[in-house]
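Observations on the three-dimensional arrangement
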Amino acid sequence: MTTADYIALAFFACVWMGYSWLLKGRTFFGRTSLTHAMTERRREWIYNSLRRDLKMIDTQIMAGLQNGTAFFASTSIFAIGSCFALLGATEKVDAVFADLPFVFHGGHAAFEMKVGGLAALFGYAFFKFGWSYRLFNYCTILFGSIPMVRDAESDIIAAERAAERVIRMNVIAGSNFNEGLRAIFLSIGYLGWFINPYVFMLTTAIVIFVLARRQFFSQARLAITDAGTPSNLHLSPIRRDLPSSGGSDLPEGL
């Protein structure tokens, strides 16, 4: 490995840690991140469930969160297996890279180190997804401890404590899921290292730019944070004070 490889690897690590630190803050350029905005939506969801005795909708949401986490966890395992399979085909990869332009190949040892780093990246993602899946499981159990509407009204403090436990567990599980997904996204930038270290730094910067844009300047963030009144309302208020015609609620002619 050359000096440029070490610089590119340090750049990758610093950018990753810097972006993670940035998301832990509340705002950036006066904008709330998409992750923090969704945290508030999680809180609204759990508190709305206190007003429902039938919580089938909430359990379906929980199941969807767990299924998505399990999908990415299994995908990470397959990716790790692919990395080990790639190590067994080093000579074939050398022959392919030798015919490609702009590819700096540092030998078998450098290639194996790069593949090992990619496998470690997917391993990190797997542990994050696995822990997130387990936390969502705990969140489901805690959700079952939320009291019914009548019990919540009789002891509001206990009901809010139960809701806060669910919210905190759900937010932690979502945070681990986001960190695992971030590792998957950054693995795309990592692939640039197999070409040369300069492409590695370029692809890493592009991935971080795309992720930052989605967090702070995307339409998805605007859809969550925009609290203004819609310009074109499709619902009209229902008049309850008008008498029904003919003693029926159906319109005339029906």
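This structure is a prediction, so every number in the text was calculated from the model and none was measured. (Residues numbered from 1 in each chain as written. Predicted model: local features only at pLDDT ≥ 70, side-chain atom pairs only at ≥ 80, totals over all residues. Heavy atoms only, no water.)

Quick word on the overall build of the chain
The criterion, for reference: Helix and strand definitions follow DSSP, with helices as H or I runs of at least four residues and strands as E runs of at least two, each counted in order from the N terminus. Using a 1.4 Å probe on the protein chains alone, a residue whose accessible area is under 20% of its type maximum counts as buried, one over 50% counts as exposed, and one in between counts as partly exposed. What makes two residues a contact is simply this: any of their non-hydrogen atoms within 4.5 Å.
Scanning the chain from N- to C-terminus turns up 9 helices and 2 strands. Traced from its N-terminal end to its C-terminal end, the chain shows the element sequence α-β-β-α-α-α-α-α-α-α-α. Counting over 254 residues, the chain shows a buried share of 35%. Sequence separation of 24 or more characterises 78% of the internal contacts of the chain that already satisfy a separation of 6 or more.

A short note on the nonpolar core
The condition that has to hold: Each nonpolar core is a collection of buried residues, namely Ala, Val, Leu, Ile, Met, Phe, Trp, Tyr and Cys, held together in the definition by side-chain atoms within 4.5 Å.
Of all hydrophobic cores here, the largest spans 33 residues; its most connected members are Phe 12, Phe 122, Phe 129 and Tyr 190. Among the elements of the structure, helix 1 (3–24), helix 3 (56–87), helix 5 (108–144), helix 7 (156–190) and helix 8 (197–216) are those that each provide at least two residues to this core. It is helix 5 that contributes the most residues to this core, 8 residues altogether. The residues touching Phe 122, leaving out its near neighbours within four places in the chain, are Ser 76, Ala 79, Ile 80, Cys 83, Ile 184 and Ser 187. Listed in part, the 17 residues of the second largest apolar core include Trp 45, Ile 146, Ala 159 and Ala 162.

Let's talk about the packing of aromatic side chains
To be explicit about the condition: Aromatic pairs are defined between Phe, Tyr and Trp rings, using the six-membered ring for Trp, whenever the two ring centres lie within 6.5 Å; interplanar angles under 30 degrees are classed as stacked, those over 60 as edge-to-face, and all others as tilted.
Scanning all chains against the criterion turns up 14 aromatic pairs. For the ring pair Trp 16 and Tyr 124, a centre distance of 5.5 Å and an interplane angle of 90° mean the geometry is edge-to-face. Highlighted residues: Trp 16 in helix 1 and Tyr 124 in helix 5, separated in sequence by 108 residues. Since its relative accessible area comes to 16%, Trp 16 is described here as buried.

Looking at helix 8
Rule in force here: To estimate the expected span of a helix, count its residues, drop one, and scale the result by 1.5 Å. Each C-beta atom gives one direction from the helix axis, and the arc is the one those directions make. Nitrogen and oxygen atoms within 3.5 Å of one another constitute a polar contact, given that in protein one can donate a hydrogen and the other can accept it, and given that sequence-neighbouring residues count only through two side-chain atoms.
Look at helix 8: 29 Å from first C-alpha to last across 20 residues, which is about the 28 Å you get at 1.5 Å a residue. Buried within helix 8 are the following residues: Pro 197, Phe 200, Thr 204, Val 207, Ile 208, Leu 211, Ala 212, Gln 215 and Phe 216. Along helix 8, the residues classed as buried sweep out an arc of 145° about the axis, all on the same side. Those residues of helix 8 that are exposed and aimed more than 90 degrees away from the buried face are Tyr 198, Leu 202 and Phe 209. Lining the buried residues of helix 8 we find helix 1, strand 1 (27–28), strand 2 (31–32), helix 2 (34–49), helix 7 and helix 9 (219–225). Where helix 8 begins, the capping side chain belongs to Asn 196, and its oxygen is found 3.0 Å from the backbone nitrogen of Tyr 198.

Regarding the UniProt feature "transmembrane region" (unreviewed entry) in the chain
The cut-off we apply is this: UniProt positions are given in the numbering used here, feature names are shortened, and annotations may be inferred rather than shown by experiment.
When the UniProt feature table is mapped onto this chain numbering, "transmembrane region" (unreviewed entry) sits at residues 6–23, 70–89, 109–127 and 190–212. The span residues 70–89 is 90% helical and 0% strand by assignment, and the distance between its end C-alpha atoms comes to 29 Å. Secondary structure over residues 109–127 splits into 100% helix and 0% strand, and the C-alpha atoms at its two ends are 27 Å apart.

Overview of the confidence of the model for the chain
Selection criterion: The quantity called pLDDT is the predictor's confidence in a given residue, expressed from 0 to 100.
Of the residues in the chain, 82% have a pLDDT of 70 or more, and the chain-wide mean is 82. In the predicted structure, residues 244–248 sits below a pLDDT of 50 and forms 3 contacts with residues beyond four places in sequence or in another chain. Across residues 250–254, where pLDDT falls below 50, the model places 2 contacts with residues more than four positions away in sequence or in other chains.

Details of the environment of Phe 194
You can see Phe 194 is positioned in the loop between helix 7 and helix 8. For the pair Phe 194 and Lys 114, spaced 80 residues apart in sequence, the C-alpha separation works out to 7.4 Å.

Some details on the packing of helix 1 against helix 7
The condition that has to hold: To obtain an axis, a line is fitted to C-alpha atoms, over the contacting stretch when the element is a helix, and the angle between two such axes runs from 0 to 180 degrees between their N-to-C directions. Working definition: roughly parallel below 35 degrees, roughly antiparallel above 145 degrees, roughly perpendicular at 65 to 115 degrees, and oblique for all remaining angles. Each crossing is labelled by how the near helix is turned from the far one, with a counterclockwise turn of less than a right angle marking it left-handed and a clockwise turn marking it right-handed. Throughout this entry, Asp, Glu, Lys and Arg are counted as charged residues, while Ala, Val, Leu, Ile, Met, Phe, Trp, Tyr, Cys and Pro are counted as nonpolar. The remaining residues, Gly among them, count as polar.
Closest axis-to-axis distance for the helix 1/helix 7 pair is 12 Å, and the angle between their directions is 150°. Taken together, the axis directions place helix 1 and helix 7 in an arrangement best described as roughly antiparallel. Between helix 1 and helix 7 the crossing geometry is right-handed. For the pair helix 1 and helix 7, contact is made by Phe 12, Trp 16, Tyr 19, Ser 20 and Leu 23 and by Arg 182, Ala 183, Leu 186 and Tyr 190, respectively. Considered class by class, the residues forming the contact of helix 1 with helix 7 number 7 nonpolar, 1 polar and 1 charged.

With respect to the pattern of salt bridges
This is how it is decided: By definition, a salt bridge exists where a carboxyl oxygen of Asp or Glu is found within 4 Å of a side-chain nitrogen of Lys or Arg.
Summed over the entire model, instances satisfying the criterion amount to 3 salt bridges. Glu 44 is the partner of Arg 41 in a salt bridge, and the nearest nitrogen-oxygen pair spans 3.1 Å. Of this pair, Arg 41 and Glu 44 both sit in helix 2, separated by 3 residues, roughly a single helical turn. With a shortest N-O distance of 2.7 Å, Glu 179 and Lys 128 are connected by a salt bridge. Of this pair, Glu 179 sits in helix 7 while Lys 128 sits in helix 5, and the two are 51 residues apart along the sequence.

Describing the environment of Ile 188
Locating Ile 188 in the fold gives a position in helix 7. Remark: the alpha-carbon pair of Ile 188 and Phe 200, spanning 12 residues in sequence, is separated by 9.6 Å.

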